[in-house]
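# Coordinate analysis (summary)
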Amino acid sequence: MADDVMEVVAETQQMNMIQAINSALDVMMGRDPDVVVMGEDVGYFGGVFRATAGLQQKYGKNRVFDTPITECGIIGVAVGMGAYGLRPVPEIQFADYIYPALDQLVSEAARLRYRSAGEFISPMTVRSPFGGGIFGGQTHSQSPEGIFTHVSGVKTVIPSTPYDAKGLLIAAIEDNDPVIFFEPKRIYNGPFDGHYDTPAKSWAGHADAQVPQGYYRIDLGKARIARPGAALTILCYGTMVHVVENTVAKLGIDAEIVDLRSLVPLDIDTIEASVRKTGRCLIVHEATRTSGFGAELSALVQERCFYHLEAPIERVTGFDTPYPHSLEWAYFPGPVRIREAINKIMKD
């Protein structure tokens, strides 16, 4: 077991990512009566993706409740709840709709501990499905993680497997600072290799779909080596971990794939050790390129590993456009673009 994982119950069950998230919420609500779940349709309906199914029936309407369609209000109420001792877990139904809540997240939640000199905290975990790959168009496909990594006082977490989703969500709920927990909806039901025109895969039989039924946590700020290698370091997170893994396997490149898991806090030690070993670095994310988190990663690698680099750092990202519906797979950083970047960086 990795040293960043604290596990209490070892018995496992096969879960997809939705079930793992539901299990994390169930475990934490059972352990801590101050944990409450709130959001649009999270109660009786169990959420648009069913991540909160059954929780209202088990814990009641005072702890799992539906809210009006007002993201600003949802987060504003959660700030007040946290200040008075609760641990709210608000859901924003799609990450594309989180923008009306930015003022409450940035000006209130992120600043509360600082402005009160530690007298008040904002221990909320904001869950939200994000990313494309489901033909959701410009209003159901965005990846706004870079916005939140810029905000001091907010932590940003993105799992890539059911096992990580549960352990990271438990750690986020226990954290005393606000955490933005983005869930890659394209891999809710199974890993995605980037080939949209082939049959979908489920999590059945996947090693990381064996999830402990009870409590365990994965500390925030600890990256995962998804695939060890010595020729090239690839930094990625969320859905892109699986797309990269598939592409690398088909190319036969001895690449080390680093699944960041959390962007803030960032496991810079693991990144630095990998790049110093391989001498090459590729960064892959689905969000738009300009001011995307890949730019920060590129700067950090350049600052810390310059004399170890044998080729320029490459980035494969979304484009600087709204997420297109009809051209979704041209926008999506798929196997073709990743393969071209790998070939380029290995030739330099």
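No experiment lies behind these values; they were computed from the predicted model shown. (Residues numbered from 1 in each chain as written. Predicted model: local features only at pLDDT ≥ 70, side-chain atom pairs only at ≥ 80, totals over all residues. Heavy atoms only, no water.)

Before going further, it helps to examine the domain arrangement of the chain. Along its sequence, the chain is organised into domain 1 (12–187) and domain 2 (221–346). A C-alpha centroid distance of 26 Å is found between domain 1 and domain 2. At the boundary of domain 1 with domain 2, total buried surface from both sides reaches about 2,000 Å², with 59% on carbon and sulfur atoms. Linking domain 1 with domain 2 are two salt bridges. Between R261 and D164 there is a salt bridge, with the nearest N and O atoms lying 3.2 Å from each other. Taken together, the links from domain 1 to domain 2 amount to 15 residue pairs in polar contact (both at pLDDT 80 or more). (Domains from an automatic or database assignment. Buried area = accessible area lost by both parts, 1.4 Å probe. Salt bridge = Lys/Arg side-chain N within 4 Å of Asp/Glu carboxyl O. Polar contact = N/O pair within 3.5 Å; in protein donor to acceptor, adjacent residues only side chain to side chain.)

This part is about the pairing of strand β5 (residues 87–91). For β5, the buried fraction is high: five of the five residues fall into the buried class. Residue alternation in β5 divides its side chains into two sets, R87, V89 and E91 and P88 and P90, and both sets are buried. Sheet analysis places strand β3 (residues 35–39) next to β5, joined by five bridges and oriented parallel. When the sheet's bridge partners are listed, V37 is paired in β5 with V89. (Buried < 20%, exposed > 50% of the residue type's maximum accessible area, 1.4 Å probe, protein only. Helix = DSSP H or I, 4+ residues; strand = E, 2+ residues; numbered from the N terminus. Pairing = 2+ DSSP bridges.)

What follows covers unusual backbone geometry. Following V264, the chain continues to P265 via a peptide bond in cis, the omega torsion being 0 degrees. Within the element layout of this structure, P265 appears in the loop between β14 (262–264) and α9 (268–278). Even without being glycine, F135 reaches a positive phi, approximately 60 degrees. Relative to the elements of secondary structure, F135 occurs in the loop between β6 (125–130) and α6 (145–149). In this model, R261 sits at a positive phi of 65 degrees, which is unusual for a non-glycine residue. Inspection of the secondary structure puts R261 in the loop between β13 (255–259) and β14. Under the relative-accessibility criterion, R261 is labelled buried at 5%.

Let us now look at the packing of helix α3 (residues 71–83) against helix α4 (residues 102–109). Between α3 and α4, the least distance of the axes is 8 Å, while the angle of their chain directions is 25 degrees. The pairing of α3 with α4 is recorded here as roughly parallel in orientation. For the pair α3 and α4, contact is made by C72, I75, G76 and V79 and by Q104, L105, E108 and A109, respectively. Taken together, the residues of the contact of α3 with α4 break down into five nonpolar, two polar and one charged. (Axes fitted to C-alpha atoms, helices over the stretch in contact; angles between N-to-C directions. Parallel < 35°, antiparallel > 145°, perpendicular 65-115°, else oblique. Contact = heavy atoms within 4.5 Å. Nonpolar A, V, L, I, M, F, W, Y, C, P; charged D, E, K, R; others polar.)

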